[in-house]
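Survey of secondary and tertiary structure
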Amino acid sequence: MSNNEQTNSHSHFPWSHLIGFGLSIVLTLLALWVGFASDFSFRTIMIIVVILALIQAAIQLLMFMHITESDSSRIQVGTILYAVFIAVAIVAGTIWVMSFGMHNMNM
Amino acid sequence: MKLDEFFVTGDPLIYGADVSIALTMIGAIFVLTYFKKWKWLWTEWLTTVDHKKLGVMYIIAAVLMLFRGGVDALLMRAQLTVPDSSFLDANHYNEIFTTHGTIMIIFMAMPFLIGLINVVVPLQIGARDVAYPFLNAVSFWTFFMGAMLFNISFVIGGSPSAGWTSYVPLAGLELSPGVGQNYYLLGLQIAGIGTLLTGINFLVTILKMRVPSMKLMQMPMFTWSSLITMVIIIFAFPVLTVALALMTFDRLFGSHFFTMMDGGMPMLWANLFWIWGHPEVYIVILPAFGMFSEIISTFARKTLFGYKAMVYSMVVIAGLSFLVWVHHFFTMGAGGAVNSFFSITTMLIAVPTGVKIFNWLFTLYKGRIRFTTAMLWSLAFIPNFVIGGVTGVMLAMAAADYQYHNTYFLVAHFHYVLISGTVYACFAGLYFWYPKMFNHRLNERLGKWSFWIFVAGFNLCFFPMYFLGLAGMPRRIYTYGIGDGWMSLNVLATFGGVLMGIGFLILVYNIYYSFRYSPRETTGDPWDARTLEWSTPAPVPHYNFAHLPEAKGHDAFWIMKEEKKQGKAPEKKPYKPIHMPSYSGVPIIMSVFFFTAGFGMVFSWHWMSILGLVGVLATMVIRSFDYDKGFYVSVEEIEETEKKTTL
Amino acid sequence: MKSFFALSMFLAVMVLSGCSNLTVLDPKGPVAEQQANLILFSIGFMLFIVLVVFVLFTLILVKYRERKSGPEYEPPHIEGNVFLEIVWTVIPVIILIVLAVPTVQTIFALEEAPEATSHKDPIVIHATSVDWKWVFSYPEENIETVNYLHIPEDHPILFKLASADSMGSFWIPSLGGQEYTMSGMMTELYLQADEIGEYRGRNANFTGEGFTEQVFTVTAESQEDYDEWVEEAQDAPKLTQEKYNELMLKGHTEEQTFSETHLQWVDHGMDAEYATKVRNGESTDEDESSEMDHSEMDHSEMNHDDSEKDSEEHSH
Amino acid sequence: MESVEYSPNTPLEYQSETGRLNILGFWIFLGAEIALFSTLFATYLVLVGRTAGGPGPEELFEISGVLIETFLLLTSSFTCGLAIHYMRNHSLKGVFLWIGVTLALGLGFLGFEIYEFVHYIHEGAALTTSAYWSGFFVLVGTHGAHVTMGIAWISLILIQLKQRGLTPDTTRKVFISSLYWHFLDVVWIFIFTAVYLYGMVM
Ligand code: HEA
Ligand code: HEA
Ligand code: CUA
Ligand SMILES: [Cu+2]
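Residues numbered from 1 in each chain as written. Chains lettered and ligands numbered in written order. Predicted model: local features only at pLDDT ≥ 70, side-chain atom pairs only at ≥ 80, totals over all residues. Heavy atoms only, no water.

Across its full length, chain A carries five helices and zero strands. In chain A, the order of α-helices and β-strands from amino to carboxyl end is α-α-α-α-α. Per-residue burial for chain A yields a buried fraction of 49% across its 107 residues. In chain A, the proportion of contacts linking residues at least 24 apart, taken out of those at least 6 apart, comes to 55%. Working note: accessible area of chain A is about 4900 Å², and carbon and sulfur atoms make up 73% of it. (Helix = DSSP H or I, 4+ residues; strand = E, 2+ residues; numbered from the N terminus. Buried < 20%, exposed > 50% of the residue type's maximum accessible area, 1.4 Å probe, protein only. Contact = heavy atoms within 4.5 Å. Areas by Shrake-Rupley, 256 points an atom, 1.4 Å probe, with all protein chains shown as cover.)

Structure below.
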């Protein structure tokens, strides 16, 4: 594992930060447009905006947080990927399991 | 609040406890003062950041909790022996099984294992300490204060009584208005902080603090099991943190997560609890698996069979452990698809576990098996755990679980896995690593007595419970009728419980006896063992290794010994100064503030909780401004120490 | 090893002596029977697995124990054996598949009325747990009982389960497995008795102080006896809301019988708050609480059989 | 122990063993935080619609306020990144400037959030109103509490920077706190999506 990125001299102009910032603004506006101005179905909208959110998260992790720098980058990336697996299991699992209430439950 | 509501009153058992607690405390204070040991206690133990000492303190606390949980157990068994018994009333019984379950799992099993991990893992990987020694002390003290907070509920304010699972609405403010449930919530919350920190600490320790020559696939199996356990801890405990916090908000601040009123959803508690709860049971079994691997390999005098398969099977178990939680509430009516899915994922866990069982058997195969006490515990684990495991698979078959659920069949299952897995492992590990911790061995003859009595008692106690379950005896009932026909098996179970108690008492006596009479160790390697912790001298110096050892395989020390036999003595290198962290009083003080905050919240004394929280924050700020960099152990001191130790 | 012998002895004794005591394995209806069959089927496999492990274990321990006398034996260095490891991965997988298939089948089978009697219209009984008693409503027959049940034999019963307060579990071991009762949610459970008799039912999920005594009796009788009982019960005093609200208070009661049911003013499967309001002395009149905004949920995937739903609120 | 030579290009925060260990540990802590927030999200999503006859999100949410909060936080994440950039150029001034901006933006965010909460409570939607609002306030509030903690923590680090300048220790602390800050932005993106967009589009 080389410290490639780490050893990057930082005297350059912070392009990657600027690009990341621009992208996150664009993505946010895009999500907004999909949500309010497009005429996709509700389900499609949600799928698109969740994907947009995931892209934004990836941008933060890669461009701002430098997850791939340092000699522990594999552990860092592994941790976050596993955390994403857990997050999906918890959120999707809970919604699935707890949806039994939808058809014969009130309040 | 009146004083007689504050102190629990009206029961001779409680007064007995009050008196014995007071006497113990007075006794301890007296002894410390008389022998002028206060300073020693503070500088050597209460402020320590040495992983070995923290480990020992974990284990002492865990043994005390085993005693408390065990007394609870025996009280329950006493009550259930004969029908229509009036030894305990319903409320009292409910409190007892609630504290029994909670204490055994959270404050006994986990700390016992974490204690052993603390003592052993850094030594096994050739490290001089953990990655964050200060945090390690914080972990211990938050665990300890959380446990104390939970335990004082017995005499102050009243114990929780809604089961260790604390299902709502029963555990909600409406149906459990007392403070008992608050103790549960805050005790677990505070201890949980410590556990999460331990998870991060040891994950980084194992990944980053190994001697450079030790590759991942050369780590001892106990280290591997700890690594995987830490991963589960890191991702499971935050879920518990949230679940507890939400119920705390419901009870103290009027939110409606789990209430019956205003749209709350009680089922959500069960869901969140088990998202944590199932991984939790693997948290307490995987380190046990790791210990058995070490001990079986050592006393069979053979390297572990199928090392890689052992590692991968644990990885698979860890992954699956987050995908099975619904098997704890198949009967909630989540529908056929949900139940089928979770049935199958649950059953799948049998495969990697089976791989491990057979690998252990084949480690023994062609070995030279020495029946030391540590080995006896490890061997007894195999058949007993298989019984617990296969009945677990029976429970996993959802359609059948509708009949087993909430019965003694389930009680039998989880005691079979928890005791023959976790508790046997704790005892085995204690016997095995005792000389590393205390520089003398536990007596083998007493050890064997205690082993046979405990194991016989265990089977006698819990095997009949499978049949009680099939005979329709539900769990958590405080008594039953003569017409139910459950008496004879219950008598057997109680008898077994008493035997277990005797076995435990012999173990405790053994600790005292060996302290007095066992010869001190003359070598660091009493068992002719295989991994690096045994390469340290006796007693282990506080810096662990004067020279960092070299690992050439997962039985690194064994290989070193083989090479030595072939005359390849390692050359003598000069010592270098060793960097060590400073002791600190901040962790214990911070945890006392946690305790204060928790206690205040239990009684809704907001001034006190705020005081406590401010204290916690203040200690954190102090820590942040503390740039203490530790100190160097000088070469002279190392030489001095190495001369005194025996190798 | 001592424990192993003790165990097998014990098992033998148990099996020989007391099997008839094991309610769960002595089913009195088709539901319990399916479950008992599944259990016995799985026990067979489990015994086989236990046997394999125990035999291997004993043989290895005996053969490779350290002997005091004899030459110093140095165990060989064996790292593993790919073939063996595949064997003990694949065989468990096969066993699990064999266990999983009937499990899934039974899970789905139990969601419907027993096959043999599925041509009969099930009798609907609402079973409601209240700290610490059971209230049974027969909406068709318009009767309500407390702490006891009468059912005809050979007739599927559809229990609609709910709780007025803490979460309970409705369990009649002789007739079949349990299902939770929850406030604000309705679950369904089919049971059926094939034999005339008295069975015990109880709450199996811990509900606090009075949990142990939260039991009821089930009388399974011939159709004629049942009809007779229904007629008799219909002459019982009318259930009034006042009377019913008394039942909402924590505590035990003796068996009671009423004509009319509480479903006319509250369905605990729809209203989680009723009992709390009664206990707090608040008004329990029909209010906005039974309305719910269902619009946000996607119901297209609920392939649940809605035809049996007897409450209009479900007409989404 | 620390006899390794570092290339002058290795950022200061990675030049000590403590630095490397703590940064890795913090990443793992963030993994735990993901599990924590997932649980809160799952809870919130299950409770959507359970308003017990009280007000629902579609009545109360307003896009403009949420957008301002979002852009404040997004920008603060960017300026925080700039601070790290300047830190690696050994520009203490740059660090102070951009962290200062970050904190200001963070305070702005908090201000709008508090205003939003007060507004909802005014309209009859509080923690105690219904399960839905409990879920909302605890999810969004936990994020807000994290932001508050972050501001306090980073302020303390600024003091230490002032006292000590850029050293392996102080840069480590700045770097770790920047990870925390970016992470809060990530969480907010999901709150924006799963709470506000979902609530308003519904
Ligand atoms: C150390 C703790 C521990 C461990 C290791 C396990 C292991 C397992 N548990 Fe257990 N369990 C608990 C602790 C534990 N459990 C506790 C505390 C509860 C109850 C909590 C409460 O309600 O209070 C519980 C409850 C519980 C339930 C809920 C039942 C109910 O509430 O109705 C279920 C259901 O599926 C279950 C299943 C399993 C399974 C399938 C395994 C498997 O991991 C077992 C795998 C092992 C084997 C199968 C044996 C070895 C394998 C072979 C020899 C290979 C061949 C085998 C086959 C092909 C089958 N457990
Ligand atoms: C690691 C976990 C662990 C351990 C080790 C044990 C150990 C024991 N348990 Fe535990 N048990 C649980 C975890 C554990 N249990 C859990 C999670 C529950 C569920 C709780 C719930 O429903 O919420 C439970 C529930 C439970 C029940 C069911 C209660 C009910 O549902 O009504 C019973 C009943 O017999 C029981 C018995 C025992 C016994 C006899 C032991 C024995 O092994 C104990 C051995 C005894 C000792 C080690 C004591 C030594 C002390 C002395 C000798 C002193 C004697 C002095 C006096 C009596 C004054 N346990
Ligand atoms: Cu600029 Cu990285
Ligand atoms: Cu489980």
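Read on, since the account is not over.
Geometrically, a metal with four donors at the corners of a regular tetrahedron has ideal angles of 109.5 degrees, and one with six donors at the corners of a regular octahedron has ideal angles of 90 or 180 degrees. All names here are of chain B. The iron atom of ligand 2 binds to the protein through H100 (NE2) and H415 (NE2), with metal-donor distances spanning 2.0 Å. Seen from the iron atom of ligand 2, its six donor atoms lie at angles of 86 to 179°, and the figure they make is octahedral. With H100 in helix α5 (residues 90-124) and H415 in helix α16 (residues 408-438), this pair connects stretches of sequence that are 315 residues apart. Neither H100 nor H415 differs from the other in exposure class; each is buried. (Donors = N, O, S within 2.8 Å, 3.2 Å for Na, K, Ca; no water. Tetrahedral: all angles 85-135°; square planar, octahedral: opposite > 155°, others 65-115°.)

Opposite the 27 residues of chain B that make contact, chain A presents 18 residues. Overall, the association of chain B and chain A removes approximately 1800 Å² of surface from exposure, summing both partners, and the carbon and sulfur fraction of that is 83%. Connecting chain B to chain A are zero salt bridges. For the pair chain B and chain A, the interface holds two residue pairs in polar contact (both at pLDDT 80 or more). Counting residues per element, the ones that place at least two in the side of chain B that touches chain A are α7 (180-208), α8 (221-253), α9 (266-283), α11 (307-320) and α12 (336-348) of chain B. The residue inventory of the side of chain B that touches chain A, partitioned by class, reads 20 nonpolar, five polar and two charged. (Buried area = accessible area lost by both parts, 1.4 Å probe. Salt bridge = Lys/Arg side-chain N within 4 Å of Asp/Glu carboxyl O. Polar contact = N/O pair within 3.5 Å; in protein donor to acceptor, adjacent residues only side chain to side chain. Nonpolar A, V, L, I, M, F, W, Y, C, P; charged D, E, K, R; others polar.)

Quick look at a negative patch on the surface now. A grouping of E224, D225, D227, E228, E231, E232 and D235 of chain C is seen on the molecular surface, where their side chains present a negatively charged patch. Tracing the backbone shows E231 of chain C in helix α4 (residues 223-234). (Patch = residues over 30% accessible without salt bridge, like charges linked within 9 Å, V, L, I, M, F, W, Y side chains within 5 Å. Lys, Arg positive; Asp, Glu negative; His and termini not counted. Charge placed at Lys NZ, Arg CZ, Asp CG, Glu CD.)

With that settled, consider the nonpolar core. Of all hydrophobic cores here, the largest spans 367 residues; its most connected members are F329 of chain B, F170 of chain C together with F136 and Y196 of chain D. Not counting chain neighbours up to four residues away, the residues in contact with F329 of chain B comprise V97 and M98 of chain A, Y167, A270, N271 and W274 of chain B together with Y180 of chain C. By size, the runner-up hydrophobic cluster in this structure holds 23 residues, among which are V8, I190, V586 and F599 of chain B. (Core = buried A, V, L, I, M, F, W, Y, C linked by side-chain atoms within 4.5 Å.)

Okay, the site of ligand 2 next. Residue and element names in this part refer to chain B. If you check the shell around ligand 2, you find 31 residues, and the closest are R77, Y93, H100, H415 and R476. Side-chain polar atom of Y93 to an oxygen atom of ligand 2: 2.5 Å apart, as the coordinates give it. Measuring from an oxygen atom of ligand 2, one finds a side-chain N or O atom of Y408 at 3.3 Å. Within the residue set of the shell around ligand 2, elements represented by two or more residues are α4 (51-80), α5, α16, α17 (444-470) and α18 (487-517). Here the shell around ligand 2 is composed, by residue class, of 22 nonpolar, six polar and three charged. (Near = heavy atom within 4 Å.)

This part is about the coordination of the iron atom of ligand 1. All names here are of chain B. Donor atoms from the protein around the iron atom of ligand 1 number only one, H413 (NE2), found at 2.2 Å. The distance between the iron atom of ligand 1 and the copper ion (ligand 4) comes to 4.5 Å. Along the chain, the position of H413 falls in helix α16.

Let us now look at the site of ligand 1. Residue and element names in this part refer to chain B. Taken together, 30 residues form the shell around ligand 1, and within it W164, Y282, D401, H405 and H413 come nearest. Within the side chain of Y282, one N or O atom sits 2.6 Å away from an oxygen atom of ligand 1. Between ligand 1 and D401 there is a distance of 2.5 Å, counted from an oxygen atom to a side-chain nitrogen or oxygen. Element by element, the count of residues in the shell around ligand 1 is highest for helix α14 (residues 373-396), at seven residues.

Right, let's get into the confidence of the model for chain A. All names here are of chain A. Scored by pLDDT, chain A comes out at a mean of 81, with 83% of its residues at no less than 70. Averaged pLDDT values for the elements of chain A fall to 42 in helix α1 (residues 4-7) and rise to 94 in helix α4 (residues 73-98). Across residues 1-9, where pLDDT falls below 50, the model places 18 contacts with residues more than four positions away in sequence or in other chains. Throughout residues 103-107 the model reports pLDDT below 50, and contacts reaching past four residues in sequence, or to other chains, amount to 36 contacts. (pLDDT = per-residue confidence, 0-100.)

Okay, the sheet that holds strand β5 (residues 157-163) of chain C next. Residues and elements named next belong to chain C. Taken in spatial order, the six strands line up as β8-β5-β1-β2-β3-β11 in an open sheet, and their pairing is mixed. Across the chains shown, the open sheet's two edge strands, defined by having one partner strand only, are β8 (187-191) and β11 (256-259). For this sheet the average axis-to-axis angle between neighbouring strands, irrespective of direction, equals 20°. With seven bridges joining them, strand β1 (residues 123-130) and β5 adopt parallel strand pairing. Across the sheet, the residue bridging to T128 is A162, located in β5. Sheet contacts for α4: β1, β2 (133-138), β3 (143-146) and β11; angle to β3, the most-contacted strand, approximately 95°. (Pairing = 2+ DSSP bridges. Axes fitted to C-alpha atoms, helices over the stretch in contact; angles between N-to-C directions.)

Quick look at the pattern of salt bridges now. On inspection of all chains with the given rule, the structure shows 25 salt bridges over all chains. Among the ionic pairs, R623 of chain B bridges to D626 of chain B, the shortest N-O distance being 3.9 Å. Its relative accessible area of 33% is what places R623 of chain B among the partly exposed residues. Here D165 of chain C ties to R279 of chain C by a salt bridge, and the two come within 2.3 Å at their closest N and O atoms. Linking D165 of chain C in the loop between β5 and β6 (168-172) with R279 of chain C in helix α6 (residues 274-279), this pair joins segments that are 114 residues apart in sequence. For D165 of chain C, a relative accessible area of 1% corresponds to the buried category. Residues joined by salt bridges that share partners form a network here, namely R301, R368, D525, D528 and K561 of chain B together with E66 and E74 of chain C.

So, on to the side chain of H150 of chain C. Residues and elements named next belong to chain C. Mapped onto the elements, H150 comes out in strand β4 (residues 148-152). Look at H150 and you get buried, because its relative accessible area is 12%. A polar side-chain atom of H150 sits 2.7 Å from a polar atom in the side chain of E221. When near neighbours in sequence (up to four residues on either side) are disregarded, H150 contacts Y138, T219, E221, Y226 and W229.

Listed as interface residues are 98 residues of chain B and, on the opposing side, 90 residues of chain C. Carbon and sulfur atoms supply 71% of the area that chain B and chain C bury against each other, a total of about 8100 Å² over both sides. When the area that chain B buries against chain C is broken down by residue, the three leading residues are R368, Q403 and L470 of chain B, summing to 10%. Taken together, chain B and chain C are joined by four salt bridges.

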